[in-house]
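Residue strings, one per chain:
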Amino acid sequence: MRSIGNILLYMSLLLVCVGVTGGAQERRGSTPAADPRVGLKAGLRDAGEAAKNMERVATLPKPEGFFDPKAPGGTPTPPERDPNLPPPDPNEPPDPRFANMLGFANSDLAFSGTHLFMGNFHGFNTYDVEIARKPRLLASAVCPGGQGDVSVHGNLLFMSVEQTRGRIDCGTQGIQDKVSAERFRGIRIFDISDLSRPRQIAAIQTCRGSHTHTLVPDPKDPGNLYVYGSGTSLVRSAEELAGCSGLKPGEDPNTALFSVDVIKVPLAAPQNAKIVNRPRIFADPTTGAINGLWSGGEHGPGTQKTPETNQCHDITVFPQVGLAAGACSGNGILLDISDPEHPVRLDQATDKNFAYWHSATFNNDGTKVIFTDEWGGGTRPRCRATDPPTWGADAIFDIVDRKLQFRGYYKMPAAQTEQENCVAHNGSLIPVPGRDIMAQGWYQGGVSVFDFTDSAHAIEIAFFDRGPIDAKTLITGGYWSAYWYNGNIYGSEIARGIDVFRLTPSEYLSQNEIDAATQVRTDELNVQEQGRVAWPATAVVARAYLDQLTRGKAIEPERARAVRTAVDRADDARSSRGKSQAAIDQLDGLAAQLDRDAAAAVGRDAARLRSLAATLKGVAAKLH
Amino acid sequence: MRVVALLPALVSFAACRTAGVTAVEARPPIVQPGAPGEPTRVIGAEQAIDLSQVQYIGADIKFMQGMIGHHTQAIEMTDLLRTHSGSDVMKKLALRIELSQVDEIKMMQRWLADRGQQVPTGREHHTHGVALMPGMLTPDDMARLEAAKGVEFDRLFLEYMIRHHEGALTMVKDLFASPGAAQESEVFAFASDVEADQTAEIDRMGAMLNTLMKEHQR
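In this text, all values refer to a predicted model and were calculated from it rather than measured experimentally. Numbering of residues starts from 1 in each chain and follows the order in which that chain's sequence is written. Chain A is the first chain written and ligand 1 is the first ligand written, with later ones labelled in order. Only residues with pLDDT of 70 or above have their local features reported here, since the model is predicted, and side-chain atom pairs are shown and tallied only from 80 upward, although totals for entire chains, interfaces and linings are computed over all residues. To get the side-chain values, take all heavy atoms of the structure and skip hydrogens and water.

1. Comments concerning the overall build of chain A
Threshold: By the criteria applied, helices consist of DSSP H or I runs no shorter than four residues and strands consist of E runs no shorter than two, each listed in order from the N terminus. The buried label applies to any residue whose accessible area, calculated with a 1.4 Å probe on protein chains only, is under 20% of its type's maximum; exposed applies above 50%, and partly exposed to all values in between. Note on contacts: a residue pair qualifies if any of its non-hydrogen atoms lie within 4.5 Å across the two residues. Each accessible area value is a Shrake-Rupley result obtained with a 1.4 Å probe; residue values ignore everything except the protein chains displayed when judging cover.
When helices and strands are counted, chain A shows six helices and 32 strands. Residue burial in chain A is summarised as follows: out of 624 residues, 64% are buried. Counted over contacts in chain A with a minimum sequence separation of 6, partners at least 24 positions apart contribute 62%. Carbon and sulfur atoms make up 51% of the accessible area of chain A, which amounts to about 21,700 Å² in all.

2. Focus: the sheet that holds strand S9 (residues 186–191) of chain A
Residues and elements named next belong to chain A. Our working rule: Criterion used throughout: strands pair if DSSP finds at least two bridges between them. Lines fitted to C-alpha atoms define the axes here, with helix axes fitted over just the stretch in contact, and angles between the N-to-C directions of these axes take values from 0 to 180 degrees.
Strand order in the open sheet formed by four strands is S7-S8-S9-S10, with antiparallel pairing between adjacent strands. Because the sheet does not close on itself, it has two edges, and the strands there are strand S7 (147–153) and strand S10 (199–205). The mean inter-strand angle of the sheet, taken between neighbouring strand axes irrespective of direction, is 20°. Pairing of S7 with strand S8 (residues 156–161) involves five bridges; the strand directions are antiparallel. Residue pairing in the sheet places His153 in a bridge with Leu156 of S8.

3. Let's talk about the sheet that holds strand S1 (residues 30–32) of chain B
Taken in spatial order, the seven strands of this open sheet run S32(A)-S3(A)-S4(A)-S5(A)-S6(A)-S1(B)-S2(B), and their pairing is mixed. The sheet terminates laterally at strand S32 (524–525) of chain A together with strand S2 (41–43) of chain B, the two strands that pair on one side only.

4. Concerning the side chain of A:Asn426
If you trace the backbone, A:Asn426 turns up in strand S25 (residues 426–430). The contacts of A:Asn426, once residues within four sequence positions are left out, are A:Asp108, A:His358, A:Ser359, A:Gln440, A:Gly441, A:Trp480, A:Ser481, A:Ala482, A:Tyr483 and A:Gln528.

5. Re the state of the cysteines
All names here are of chain A. Stated precisely, the cut-off is as follows: Disulfide: a pair of cysteine sulfur atoms within 2.5 Å of each other.
Applying the stated criterion across every chain, the model contains four disulfides over all chains. What pairs with Cys207 in a disulfide is Cys244, and their sulfur atoms sit 2.2 Å apart. Between Cys207 and Cys244 the sulfur-sulfur dihedral comes to about -90°; the bridge is accordingly left-handed. Here Cys207, found in the loop between S10 and strand S11 (212–217), pairs with Cys244, found in the loop between strand S12 (224–230) and strand S13 (261–266); they are 37 residues apart in sequence, far enough to count as distant.

6. Structural notes on the packing of aromatic side chains
Our working rule: Ring pairs shown here join Phe, Tyr and Trp side chains whose ring centres sit within 6.5 Å, with only the six-membered ring taken for Trp; geometry is labelled stacked below 30 degrees between planes, edge-to-face above 60, and tilted in between.
Going through the model one piece at a time under the given rule, you end up with 21 aromatic pairs over all chains. Ring centres 5.6 Å apart and planes at 75° place the aromatic pair A:Phe397 and A:Phe406 in the edge-to-face group. On the basis of relative accessible area, A:Phe397 is assigned to the buried category, the value being 3%. On the basis of relative accessibility, which here comes to 37%, the residue A:Phe406 falls in the partly exposed class. Ring centres 6.3 Å apart and planes at 65° place the aromatic pair B:Phe63 and B:Phe190 in the edge-to-face group. Residue B:Phe63 is located in helix H3 (residues 58–84), and its partner B:Phe190 is located in helix H7 (residues 185–217); the two are separated by 127 residues in the primary sequence. Residue B:Phe63 is classed as buried on the basis of its relative accessible area of 5%.

7. Remarks on the pairing of strand S4 (residues 115–120) of chain A
Sheet faces and side chains relate simply in a regular strand, where the side chains alternate between the two faces. Residue and element names in this part refer to chain A. Of all the six residues making up S4, six are buried; the element is thus mostly covered by neighbouring parts of the structure. The alternating pattern of S4 places His115, Phe117 and Gly119 on one face and Leu116, Met118 and Asn120 on the opposite face, and all of these are buried. Of the strand pairs in this sheet, strand S3 (residues 106–112) and S4 are connected by five bridges, and their pairing is antiparallel. Across the sheet, the residue bridging to Ser112 is His115, located in S4. Counting the residues between successive antiparallel strands, the hairpin from S3 to S4 contains two residues, one of them, Gly113, with a positive phi of roughly 55°. Relative to strand S5 (residues 123–128), S4 runs antiparallel, the two being bridged by six bridges. Paired with His115 across the two strands is Asp128, which belongs to S5. In this structure, the hairpin formed by S4 and S5 is closed by a connection of two residues.

8. Quick word on the pattern of salt bridges
Residue and element names in this part refer to chain A. Just so we agree on the cut-off: By convention in these notes, a salt bridge is any Lys or Arg side-chain nitrogen within 4 Å of a carboxyl oxygen on Asp or Glu.
A full pass over the atoms with the stated rule returns 45 salt bridges over all chains. A salt bridge links Glu240 to Arg236; the shortest N-O distance between them is 3.0 Å. The exposure class of Glu240 is buried, given its relative accessible area of 14%. For Arg236, a relative accessible area of 6% puts it in the buried group.

9. Some thoughts on the pairing of strand S27 (residues 447–451) of chain A
All names here are of chain A. Across the five residues that make up S27, a large majority, five, are buried. Of the two faces of S27, the one holding Val447, Val449 and Asp451 and the one holding Ser448 and Phe450 are both buried throughout. Sheet topology note: the strand S26 (residues 437–441)/S27 ladder contains five bridges and is antiparallel. Considered in S27, the bridge of Ile437 is made with Asp451. Here S27 runs beside strand S28 (residues 459–466); their pairing, made up of five bridges, is antiparallel. Its bridge partner being in S28, Phe450 is matched across the sheet by Glu460.

10. Notes on helix H3 (residues 539–551) of chain A
For the α-helix, the turn length of 3.6 residues means that residues three or four positions removed from each other point alike. All names here are of chain A. Under the convention used in this document: Here the expected length of a helix is defined as 1.5 Å per residue gap, with one fewer gap than residues.
Given a rise of 1.5 Å per residue, 13 residues ought to cover 18 Å, and the 18 Å separating the end C-alpha atoms of H3 matches this to within 8%. The buried count for H3 comes to eleven of 13 residues, which makes it a mostly enclosed element. One or two residues past the end of H3 sits Lys553, with phi positive at roughly 50°.

11. A look at the packing of helix H6 (residues 150–177) of chain B against H7(B)
All names here are of chain B. To keep things clear, this is the line we draw: Angle categories: roughly parallel below 35 degrees, roughly antiparallel above 145, roughly perpendicular from 65 to 115, and oblique for all the rest. A clockwise turn of the near helix away from the far one marks a right-handed crossing, whereas an anticlockwise turn of less than a right angle marks a left-handed crossing. When residues are grouped by polarity, Ala, Val, Leu, Ile, Met, Phe, Trp, Tyr, Cys and Pro land in nonpolar, Asp, Glu, Lys and Arg in charged, and all others, Gly among them, in polar.
It is at 9 Å that the axes of H6 and H7 come closest, and there the two elements cross at 155°. Considered as vectors, H6 and H7 are oriented roughly antiparallel to each other. Here H6 and H7 pass one another in a crossing that is left-handed. Looking at the contact of H6 with H7 residue by residue, the classes come out as 19 nonpolar, five polar and six charged.

12. Thoughts on the confidence of the model for chain B
Defined as follows: The pLDDT value tells you how sure the predictor is about a given residue, anywhere from 0 up to 100.
On average, residues of chain B score 83 in pLDDT, and 87% of them are at 70 or above. The complex model carries a pTM of 0.85, and its ipTM stands at 0.86.

13. Some words on the nonpolar core
As a reminder of what qualifies: The criterion is simple. A nonpolar core is a set of buried Ala, Val, Leu, Ile, Met, Phe, Trp, Tyr and Cys residues joined through side-chain atoms within 4.5 Å.
In terms of nonpolar packing, the biggest core is built from 31 residues, with A:Val563, A:Leu587, A:Leu594, A:Leu612, A:Leu616 and A:Leu623 touching the most fellow members. Sorting the residues of this core by element identifies H3, helix H4 (557–575), helix H5 (581–600) and helix H6 (603–623) of chain A as the ones contributing at least two each. In contact with A:Leu594, not counting residues within four places along its chain, are A:Ile555, A:Arg559, A:Val563, A:Leu609, A:Leu612, A:Ala613 and A:Leu616. Ranked by size, the runner-up nonpolar core spans 25 residues in total, among them B:Met67, B:Ile75, B:Leu112 and B:Val187.

14. A few points about the confidence of the model for chain A
On average, chain A scores 90 in pLDDT, and the residues at 70 or more come to 90%. Within the model, the stretch residues 4–32 of chain A combines pLDDT values under 50 with 53 contacts to residues more than four positions away or in other chains.

15. A word on the packing of H3(A) against H6(A)
Residue and element names in this part refer to chain A. Closest axis-to-axis distance for the H3/H6 pair is 9 Å, and the angle between their directions is 155°. Here H3 lies roughly antiparallel to H6, going by the angle between them. Where H3 crosses over H6, the two elements pack in a sense that is left-handed. Taking contact as the criterion, the partners of Ala539, Val541, Ala542, Tyr545, Leu546, Gln548 and Leu549 in H3 are, on H6, Asp605, Arg608, Leu609, Ser611, Leu612, Thr615, Leu616 and Val619.

16. A look at unusual backbone geometry
The phi torsion of most residues other than glycine is negative, and most of the peptide bonds are trans. All names here are of chain A. Each neighbour pair has its own omega, and for Gly146 with Gln147 the value is -5°, a cis peptide bond. With respect to the helices, strands and loops of the structure, Gln147 is situated in strand S7. The phi dihedral of Cys170 falls on the positive side, at around 65°, and the residue is not glycine. Note on placement: Cys170 falls in the loop between S8 and S9. A relative accessible area of 0% means that Cys170 is categorised as buried. In this model, Arg402 sits at a positive phi of 60°, which is unusual for a non-glycine residue. Among the structural elements, Arg402 can be located in the loop between strand S23 (394–400) and strand S24 (403–410). Here Arg402 falls in the partly exposed class, since its relative accessible area comes to 37%.

The following block contains the structure:
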């Protein structure tokens, strides 16, 4: 979430949109009225629900200590005020019903083993999700400051703090003074070796606070962990934190604008973590000017207004391929992070339809990257029937020779109401072999699962949505994040708590494909820190590829039948623990044939045929 | 780690209330870490949700109320532009300012209404004797702007609007300087955005003014 202001809707564009919307609806393949997500009943706990090809298996409301019992979902519909009464005195104590409504918002998620960590503007909660259908609260830590995005690394938990109410001592009382040594804005590190009693061991102060952060392991330096801190808020004064300046580059070359914070965490002594660099990743390579990227403004008639690139909102790293994708306000950028302390910009993109470059997700090969546009800052309704399908959407790029090449957009296709804040937000890959699939949160637009294997033609394959929290007024809520973790999708619902989903098979996704994704196990997941998944050579993975080839009519039915029989036979041979030379020979023979088929095929089909052949060889090898 | 029966939080809260006893063992304790090096302690639910000192205060309300009038005057200025300027670039600028301010006015009005506060229409500054917010045009300034045409109008508009936006930055600065203000999450986020957006707009208008002056000299 960015926040509330910073929204521009040109009337002229609204007119343009009318023309665009028709086409977009056609593209959606069905009449919008038929979408079950349209017209759902409102409610905090009893809203109408619609789902397709996925089901909600558990919901756990926010725990005590993380909501106001007088307004559990946020601000209710305001009561009518008697116009004859004198206006209230601004200095009266506030009505607690309308208190600090984002103060208890749930934010981002991280996972470790069987534990889920849910960030909150007010602290974080730890859940046991060993049984996904029965998430269990293990611990609650109060430590306010927003947004409270969390990441985990072994026994360390990292948290972003940006607000001026943040305190070093995790106090809830805020900071009343303009300048205070007690104020904390930056990145906290907790020791969570005792999960129920997290201890704060470090608090790294930064000039702009930390809106989000990203853990960056250095494959060459296992003793240290790096953290990229992205601050998007006001720069504090040098009186409060020495060296901080919010001046323009021309006025102060050492301005805290136009940089990200690189923090080095010695894993043997994490309490000594400190900022080691503030790289000028937006610099113009020719002139050296640190404000070398998008200078703010619109991109021509009928386009979005995009703010100046003086910050990153979020950075996603892929250490195995040495790349990072930065969603940096006015640009999407690609960074070389082979030296994590000194990231180097490789390329940048602008987009006339983007209001705010918000977050990034690579595909598993590191050959594509999806950037999200948080038009409206996350608190506004931006998925109405009148909102363009290319605004507040995902933009999908191919990475070719370490450059970004735009291919297409994806936007959750069901029209939402005025009472539902909705725009592209955080998501993660679902590790189905042979395909690029992502689960994504769209705030009150729900969860949308889509395939972007063809980066120019992304399609939705599953969804879940609820009606608005309130029928009459917009209460900020919905999915901050929706992430796949070890077989389930977990949703961080800002107002309603935690939701757990499972995928169900459909024409778009087979049970074998779901099972193959579920076979991939991760012992730690920070979504902004991507790793490459390698699928095991198993019968399930082979069947997943086979289903894809069959769906795409890219394999002869005869060959498909033979492969299926051979894989089943291999399963039997394994379960009977008997060696089966015949089964091995059959698999190897089919693998050789598939490799020949692959040589005659092109593109994705060829790749899937090769992957299937390799999987069959692997299955055969296990029978030896 | 204790194994405890997990009740939905709402239910357990209701149970505590009706039973009038201390919290049932329905959930693990809430803890509050200390500063680095300090111990973590257990706190009660009531203490955990005590945001009484980070609520909106009078300064926040006055900021929102004042900013509505401030934004409204920006729209009044852009209204003039339609008939007084001949420049497409200026008209685009005006549209951008107008739409962002309209959107933000709505947000501020909702914020105030939700909190049962007086919601200004924004036109209060036309009433004689009402104090102007920083950077706002006096009736004389406004009359001068209204009397100008063409390039002279454009120049005056940019000068006034830069001053006007700088006034908004002053209001943000004053807000953050008021003890206890901008502690509430929504106010913090909004003030933060006003600062970012108007700073950027001032830069753009400054550049436009420079160009205008150069062209005019030629």
